[in-house]
Amino acid sequence: PLAPADLEACYAISLATGFEGGDASHLYRDPKLMGHLYVAPYALLEPALALVVEDGDGVAGFAVGTTDTVVWEERLEREWWPTLRGSYADPAEVPPEERTPDQRRAFMIHHPAKTPSAVTAQYPAHLHMNLLPRTQRRGVGSRLLGAWLDKVDAPAVHVGVNRANTGGMQFWAARGFAALPVPGRTLWMGRALRA
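Residues numbered from 1 in each chain as written. Predicted model: local features only at pLDDT ≥ 70, side-chain atom pairs only at ≥ 80, totals over all residues. Heavy atoms only, no water.

S.K.: Got a minute to help me understand the overall build of the chain in this structure?
M.R.: A tally of helices and strands in the chain yields 9 helices and 6 strands. Seen through its principal axes, the chain has C-alpha atoms that stretch 45 × 40 × 30 Å. Evaluated residue by residue, the chain yields a buried proportion of 46% over its 195 residues. Across the chain, the mean location of the 19 positive side-chain charges is 5 Å away from that of the 21 negative side-chain charges. (Helix = DSSP H or I, 4+ residues; strand = E, 2+ residues; numbered from the N terminus. Buried < 20%, exposed > 50% of the residue type's maximum accessible area, 1.4 Å probe, protein only. Lys, Arg positive; Asp, Glu negative; His and termini not counted. Charge placed at Lys NZ, Arg CZ, Asp CG, Glu CD.)

Structure representation (structure tokens):
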């Protein structure tokens, strides 16, 4: 289980894996922005579905998620985004093509996109899983995914993958996730968990 003491390491992992599956630290002035979106709310608001992988060097990966994405997005609007909105300016006045990576993430805090209903209707649960390179291609991801799936109580689960992250797409496809016909920069992939 992800313990409170693990959260800082998980923030660092989000950044270290946040650019098409690789290191995003060169892109961001604020190293916590990725973690604010993709790990911290789950660790703090949905701890029963927050797991970490540890090796001799410490926390090396995490899997976090929720059973009902629609309810989760509503909960974030009530319990997570308001505090962050007080810390980050809304860059809505900056044209999208001129926004820095930090501004793009801040825009997501102020204007979070809803997961398409075509995804959530069939695959209500979702997860984020990130592993540092030192644990990749060693079966760790498969074991972590299996442990997370053992905890989730949902008929089906989805993930969203940047279409430029070919390694991520291959990982999920090899574990039974199928690409869903939803256009956009994100490739949505789903997997049934039970009949």
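S.K.: Can you help me understand the packing of aromatic side chains in this one?
M.R.: Aromatic ring pairs: the centre-centre distance and the angle between the two ring planes describe each pair. All told, the structure shown has 3 aromatic pairs when counted by the stated rule. Summarising the aromatic geometry, the rings of Phe171 and Trp172 are spaced 5.0 Å apart at their centres and angled 85° between planes, so their arrangement reads as edge-to-face. Accessibility assignment for this pair places Phe171 and Trp172 in one class, buried. A ring pair is formed by Trp172 and Phe177, whose centres lie 4.9 Å apart and whose planes are at 70°; its orientation type is edge-to-face. Just above the ring of Tyr11 sits the side chain of Lys32; from NZ or CZ to the centre is 4.7 Å. The ring of Phe107 has Arg99 lying over it, and the distance from NZ or CZ to the ring centre is 4.2 Å. (Phe/Tyr/Trp six-rings, centres within 6.5 Å; stacked < 30°, edge-to-face > 60°. Lys NZ or Arg CZ within 6 Å of the ring centre and 35° of its normal.)

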